[in-house]
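# Structural features, examined
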Amino acid sequence: ATVYVNYGTWPADHVYTEADWSPEDVLRKKQNWYCLSKLLAEKLAWDLSREPDCPFKLTVLHPTLIWGPMLPGQPHLNTSANALTSFMDGTAQEIENACKS
C-alpha cells in the first residue's frame, strides 16, 4: 500500500501493514497532489490487476530514496541527493525509522 504521509492520523507506535494507505481526504485537504497522484495510481493498478482478464500479477516497490546522477543543469539538489549530502556534511547523523507525517 502507498503510505508516505499520514499527517498524524495514526499513533506514533502504529505498525504499518499492506492494509495501510495514506489518507486520501487529508492529502486533498493539504493539497499534496504528488502523493495523492501516487496513491490513486497504485489503487487503480491494484484494481486493474484483480480483473479476471488481467494477464499481469502486480508487484509494487516503494524505495525510500532513489540514488543516481543529478540531471545536467539542475539548479539545486533533489530530495535524495540532499539526504545523502546531509550525512556527508554531518548535518544528519541518524536515519529515522519513521513514516513521513
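Residues numbered from 1 in each chain as written. Predicted model: local features only at pLDDT ≥ 70, side-chain atom pairs only at ≥ 80, totals over all residues. Heavy atoms only, no water.

Let us now look at the side chain of Asn-32. For Asn-32, the position within the fold is in the loop between helix 1 (24–29) and helix 2 (33–49). By relative accessible area, which is 16% here, Asn-32 ends up buried. Among all residues touching Asn-32, those that are not within four sequence positions of it are Val-5, Tyr-7 and Leu-27. (Helix = DSSP H or I, 4+ residues; strand = E, 2+ residues; numbered from the N terminus. Buried < 20%, exposed > 50% of the residue type's maximum accessible area, 1.4 Å probe, protein only. Contact = heavy atoms within 4.5 Å.)

A word on helix 2. Note that an α-helix has 3.6 residues per turn; residues three or four places apart therefore point the same way. Relative to the 24 Å expected for 17 residues at 1.5 Å per residue, helix 2 spans 24 Å between its end C-alpha atoms, a close match to the ideal helical length. By the burial criterion, the buried members of helix 2 are Cys-35, Leu-36, Leu-39, Glu-42 and Ser-49. In a view along the axis of helix 2, the buried residues occupy a sector of 165°, so they form one face of it. Where the residues of helix 2 are buried, they touch helix 1. (Expected span 1.5 Å × (residues − 1). Arc of directions from axis to C-beta.)

So, on to the environment of Ile-95. Inspection of the secondary structure puts Ile-95 in the segment after helix 3 (79–88). According to the relative accessible area criterion, Ile-95 is exposed, its value standing at 68%. In sequence terms Ile-95 and Ala-83 are 12 residues apart; their C-alpha atoms lie 9.7 Å from each other.

With that out of the way, let us pick up the confidence of the model for the protein. The predicted model of the protein averages 85 in pLDDT, with 93% of residues at 70 or higher. By mean pLDDT, the top-scoring element of the protein is helix 1 (94), and the lowest-scoring one is helix 3 (83). (pLDDT = per-residue confidence, 0-100.)

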